[in-house]
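Residue-level listing of the chains:
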Amino acid sequence: MPNIKLSQPTTLDEAVTLLAKEGDQIKIIAGGTALVIMLRNHLISPSVLLSLGRLPDLRYIRHEPGTGLRIGGLVTIRDAERAPLIREKQPTLASTFGKVGNIRVRNAATVGGNLSEADYASDPPCMLVALRAKANASSVRGKREIPLTEFFQGFYETALNPDEILTELIVPDLAPGSRSVYLKYVSRSSEDRPCVGMAAVLENQPDGTCKELRLVAGAVAETPQEFESAGAMARGQRLTDQLIEEIAEACSAGAEPLSDLRGSAWYRKQIIRVMARRAMQHVIAGH
Amino acid sequence: MAVGQSISMIDSQQRVTGGIDYTLNIELPRMLYGRILRSPRAHARVLKVDASKAERLSGVAAVLTRDDLIGDHIDPYFGLIIQDQTPVALDKVRFVGDPVAAVAAVDDETAAEALDLIDVEYEELPAVFDAEEALKPGAVLLHESLRRIIPGRPDVTARSQAGTNIVHLFKQRKGDISQGFRESDHIFDNTFSSPPVNHAALEPHVAVAQVSERQITVWTCSQNPYVVQRQLAGIFKIPMVDVRVIVFTLGGGFGGKLNCKLEPVVAMLAKKTGQPVKITARRNEVFLLGVQHECKVRLKTGVKKDGTLVAVEAYCHYNSGAYGDTTPNLITRGYAAAGPYRVPHLLMDSYGVYTNTAPSAAFRGYGITQVVWAHESQMDIIADALKMDPLEIRLKNILQKGDSFSTGEPMPEMHYNELLESAAEKVGWNNGPIVVREGNKIRAKGIGVIVKGMATPTTSTASIKLNADGSLNVLTSSVEMGQGLKTALAQIAASEAGLPVSRVRVSEPDTSFTPFDLMTAASRATFCMGTAIRKGVQQVRDQLLEAAASMLEAAKEDLILNDGRVMVRGVQGKSVSYSDIVRWTKTNTLLGHGIFVSGSGPDGSPVVMDFETGQGYGSAEWHPAVVTCEVVVDTETGSVKVTRLHGELYVGKVINPRLSELQVEGAMLFALGQVLFEELSSDTNGGITNPNLSDYMLPSFEDVPSQLSVHLLEPHGVTDVHGIGETSLPPVRPAIGNAICRAIGVRILDLPITPEKVLRALENQRKI
């Protein structure tokens, strides 16, 4: 790729300034696991690559009471998977990161890159939507927070403006007694992307009834699909086997999945039902 | 003795430290980089190829077009049996991906840029993608002109005719098929299909060519350098001596690197530019250079009430794609359509058919895979219908020594009873129920059996050189491609020569220096080249013994070779080293030549099949194997996990037990993805839509069954050597298919058995 200029700023200010100047001729590269494939297949042809590799401050993992986990955009998926702090505060999220691609991919790919790419068949997005995570983005115009529920907008499309860099992921703490799970269903090789990913977060009232249930499916549509009906059906109820079955059925009936080499729309509807049910059973049983 | 020992691969250190010189790594001074312009149309007349703009691009050295294929200096047609291919399209393109032109430039990017500047005009023609459609009257023809068939193939000349899309037709007629069905109590009629799949070797196809005044030198990752040499000599109309083909260790072959692939194009570019040129196939191109024959097998089988097979009528349609390549040989493997069973009445037609799809190639399992999927699936269908145990019905019909095969030849001892019983026992066949339900998961066992032939007639030759220091060179054109061949051949040579393996070097092929070998394929190299090497070493041994007898004043019969010395049996201290012998002979080197030619079957009869009846002899050796497995099917998702996989083979004398087991394991894992998810998909224009390793998935290590085992049956004192590379692959497919059917009661006839197909079948079953 001899005609592409590589720019390696050393401060965030420098990076966002360059981004503002070059506009649509520039692409941001972090781990490169997705971008390089796109370049090689001539799906994109930027004149400048803006590498974030030399930015000093985006590789932290912190926890702040009241805010939750703060994960720098350049943290690799592998580091996020293994970080004791994430394993302690959000064990399901850590294991979700551990389901991305394979270890070689996870060692290079970054948390920020994963979200910014917005590949529909990726594991973390639906889990992060279910956890009500937020992204921080920076530009010459300043910094803003974007809830992930509004972040994903289409195939490879996000709410990020062309001049913005995703700098941080914020994952609020779960309410005490909440449980979460991510189920990755693959239809081909074990290393495949998900045919259906199913994230569930359940918060119960002290009396054992459901305060809040969030079910979000990944890889079934352009963006993570949250099943609003599931939340509504579960609220204030005890999740009996029958109710679980009814919710799962409603998720399946309400879904309008896509078809690809991993499964047809019909098949995905069946799997959404099965995975929704299994995810609910998991969070009830607490394992 | 080195033979029979589980020594490590002799190149294992280099393998794990990046020390192997793959063709991919070759860089030559002034080397140019080539790229191929490929057709976007499945079938079209090429009206115009204008490369002038591309030629003017800075950095472009030459553009190869059909204009370069015209003239007395060149014969553009090549092909293993039917010469139906040209380096770039002459008048037509026949599949999406057919080469139209090629560029050599100073770097890869410039070459790629130049491709966009080549102006090609097409006149679209109707295309046909399905083998049976292509046989119908009025189907569009891929190759209109008279076929050019190499001499010595009257069978192909008789059947491969212009005016049809038939590449070749192989027939078998045995007994009386009508009588057979009349005598049958039950008749089963099913059609089984296998999709096109790719070899997906880790190393893509790579070729480098350099043309000096007289000689064309090609470095290529080829499984048969001598075929490449002959074809290039034909194209350039020069003597074979002026074509030198050099092959290094391959990063996997699996049949995908046989015959000419990139070599004609790269050699023509090198000739045109006067500079070395390298072409590395991009991953998507690897899928265009050869795929396994898509195949449909209709199998109609008549049986007695007690499960005895009486009659088999089979129609095999192998999709050859746009060119013939190995198809005329491969489709004769229809001879295994009735399996390794006694079948008195047989009618079999096996077609190889041209279609506008990516060309087919040899593929591990070589045409047997597709018919094994059929006969072993149907064997379980029959067993189910007759309420027989799958093991029992196979034992009842399996070929015993002296039984007549589909070719009519009497079979040698194949040890099938032992193989079947042992393989069944390894997965606990008779130990507890064959199907176990655990919630929404069902666990069940399955079995598959194969008889695999070998390429016959066949020739391997080797030169042996004992050096002045007593070390030994083995000059061979057999190819190391990860299977451990160099190690096995070194063990054979070392054993025969009375030397430690560390004193033996096995060469890589170089047609200017290493003698002829037919190919490294068809599970033949260890047997054929191993035999040639043994014979060559024996000539050296004779010279050693002759000289040592004089030197030690002893009778030749009393001498033994051990660890680089000739000793007198029973006399301590009376011995002489090989280096002393070589010095004594004043030759500085002792030479031996080994030639192995096999054109005869196990009983010595010539391997020839009558082309009207398919009766005669089919192979110099027959390779038997049984695969058993256990699967767990999730009835809610349809997903299948293979939990146990066992291969049981008779391979005669085992040269290296551990490497043999690993090769069998490899073959079984290779099959795993082909059973469960591997499949080339294509759009309505015939273009492959998943030519990359993300959309075309391969199994990962996490898919490996938790219990993976191999047992090689090696009767005491056995001396014959059998090939091992392919035999265990084909039966994996029906073994898993049969286990899935036993688990859920529905049978998938079309590979791969995806979770979606399983779930749909379960849904349909629930509705009934």
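Residues numbered from 1 in each chain as written. Chains lettered and ligands numbered in written order. Predicted model: local features only at pLDDT ≥ 70, side-chain atom pairs only at ≥ 80, totals over all residues.

**Quick notes on the overall build of chain B**
In terms of helices and strands, chain B carries 19 helices and 27 strands. Since a compact globule built from 768 residues should have a radius of gyration of about 27 Å, the 27 Å found for chain B is in line with a globular shape. Taken along its principal axes, the extent of the C-alpha atoms in chain B is 85 × 80 × 50 Å. Put simply, chain B has 768 residues, and 56% of those count as buried. In chain B, once contacts between residues fewer than 6 apart in sequence are set aside, the share between residues at least 24 apart is 79%. (Helix = DSSP H or I, 4+ residues; strand = E, 2+ residues; numbered from the N terminus. Rg over C-alpha atoms; globule rule 2.2 N^0.38 Å. Buried ≥ 20, exposed ≤ 12 C-beta atoms within 10 Å, placed from the backbone. Contact = placed C-beta atoms within 7 Å.)

**A closer look at the overall build of chain A**
Of regular secondary structure, chain A possesses 11 helices and 14 strands. Computed over its C-alpha atoms, the radius of gyration of chain A comes to 19 Å, within 12% of the 19 Å expected for a compact globule of 287 residues. Overall, the C-alpha framework of chain A stretches about 60 × 45 × 30 Å when taken along its three principal axes. Here chain A holds 287 residues, and 45% of them are scored as buried. Partitioning the contacts of chain A with sequence separation of at least 6, the portion at a separation of at least 24 is 64%.

**Re helix α13 (residues 416–426) of chain B**
All names here are of chain B. Those residues of α13 that fall on the buried side of the exposure criterion are Y416, L419, L420, A423, A424 and K426. An end-on view of α13 places all buried positions within 160 degrees of arc, on one side of the element. For α13, the secondary structure elements touched by its buried residues are α12 (390–397), β17 (441–452), β25 (623–634), β26 (640–650) and β27 (707–713). At the C-terminal side of α13, G428 shows a positive phi close to 70 degrees. (Arc of directions from axis to C-beta.)

**Some points on unusual backbone geometry**
Cis geometry is adopted by the peptide bond preceding P457 of chain B, which originates at T456 of chain B and carries an omega value of -5 degrees. When you line up the elements, P457 of chain B lands in the loop between β17 and β18 (458–466). The residue after L751 of chain B, namely P752 of chain B, is reached through a cis peptide bond having omega -10 degrees. Structurally, P752 of chain B can be placed in the loop between α18 (732–744) and α19 (755–767). For R132 of chain A, which is not glycine, the phi dihedral falls at a positive 60 degrees. Take R132 of chain A: it is sitting in the loop between α8 (124–130) and β6 (134–139). Residues other than glycine seldom take positive phi values, yet A522 of chain B does so here, at roughly 60 degrees. Classification of A522 of chain B by C-beta neighbours within 10 Å gives buried; the count is 26.

**Some points on the environment of T585 of chain B**
All names here are of chain B. With respect to the secondary-structure elements, T585 resides in helix α16 (residues 578–585). Distance from T585 to L544, taken between C-alpha atoms, is 9.3 Å for residues 41 residues apart in sequence. With residues near it in sequence (within four places) discarded, T585 still touches A547 and L590.

**Quick notes on the pairing of β26 of chain B**
All names here are of chain B. Among the 11 residues in β26, nine count as buried, and that is most of the element. Of the pairings in the sheet, the one linking β25 to β26 comprises nine bridges and is antiparallel in character. Its bridge partner being in β26, V631 is matched across the sheet by V642. Counted between consecutive antiparallel strands, the loop separating β25 from β26 contains five residues, among which G638 sits at a positive phi close to 80 degrees. For β26 and β27, the ladder comprises seven bridges, and the chain directions are parallel. If you follow Y650 over to β27, its bridge partner there is L713. (Pairing = 2+ DSSP bridges.)

**Describing the domain arrangement of chain A**
Taken as a whole, chain A is organised into domain 1 (5–51), domain 2 (61–171) and domain 3 (179–285). If you average the C-alpha positions of domain 1 of chain A and of domain 3 of chain A, the two centres end up 36 Å apart. (Domains from an automatic or database assignment.)

**Focus on the domain arrangement of chain B**
Residues and elements named next belong to chain B. Taken domain by domain, chain B comprises domain 1 (12–127 + 199–286), domain 2 (294–455 + 605–767) and domain 3 (458–598). On a C-alpha basis, the centroid separation for the pair domain 2 and domain 3 is 38 Å. Contacts between domain 2 and domain 3 engage 18 residues on the former and 16 residues on the latter. Counted by class, the side of domain 2 that touches domain 3 contains nine nonpolar, seven polar and two charged residues. (Nonpolar A, V, L, I, M, F, W, Y, C, P; charged D, E, K, R; others polar.)

**Focus on the packing of helix α11 (residues 368–385) of chain B against α18 of chain B**
All names here are of chain B. It is the contact of α11 with α18, at a shortest axis distance of 8 Å, that shows an interaxial angle of 30 degrees. Between α11 and α18, the angle falls in the class roughly parallel. Every pair of crossing elements has a handedness; the one defined by α11 and α18 is right-handed. Along its contact with α11, which presents T369, V372, W373, E376, S377 and D380, the element α18 presents R733, P734, G737, N738 and C741. Split into classes, the residues belonging to the contact of α11 with α18 amount to four nonpolar, four polar and three charged. (Axes fitted to C-alpha atoms, helices over the stretch in contact; angles between N-to-C directions. Parallel < 35°, antiparallel > 145°, perpendicular 65-115°, else oblique. Left-handed = near helix turned anticlockwise from the far one by under 90°.)

**Considering the interface of chain B and chain A**
Note on interface size: it is often stated as the accessible area lost on association of the parts. Of the residues lining the interface, 19 residues belong to chain B; the matching set on chain A comes to 15 residues. Counting residues per element, the side of chain B that touches chain A draws most heavily on α19 of chain B, at three residues. Residue composition of the side of chain B that touches chain A, by class: six nonpolar, seven polar and six charged.

**Describing the packing of helix α10 (residues 241–254) of chain A against helix α11 (residues 265–285) of chain A**
Residues and elements named next belong to chain A. Packing of α10 against α11 brings their axes to within 8 Å, and their N-to-C directions diverge by 145 degrees. Note on packing geometry: the crossing formed by α10 with α11 is right-handed. Mapping the contact onto sequence places I244, E245, I247, A248, E249, C251 and S252 in α10 and K269, I272, R273, A276, R277, M280 and Q281 in α11.

**A closer look at helix α8 (residues 263–273) of chain B**
Counting buried residues along α8 of chain B, nine of its 11 residues qualify, which places the element largely inside the surrounding structure. Within α8 of chain B, burial applies to E263, P264, V265, V266, A267, M268, L269, A270 and T273 of chain B.

**Things to note about the sheet that holds strand β22 (residues 565–568) of chain B**
Two modes of strand pairing occur in sheets, parallel and antiparallel, and in both the strands are linked by backbone hydrogen bonds. All names here are of chain B. With antiparallel pairing, three strands are arranged side by side in an open sheet as β21-β22-β23. With one partner strand each, in any of the chains shown, β21 (559–562) and β23 (575–577) form the two edges of the open sheet. Taken over all neighbouring pairs, the strand axes of this sheet differ in orientation by 20 degrees on average, direction set aside. In the sheet, β21 pairs with β22 via four bridges, with the strands oriented antiparallel. Bridging across to β22, L559 finds its partner in V568. The sheet strands contacting helix α15 (residues 525–552) are β21, β22 and β23, and the helix crosses β21 at an angle near 120 degrees.

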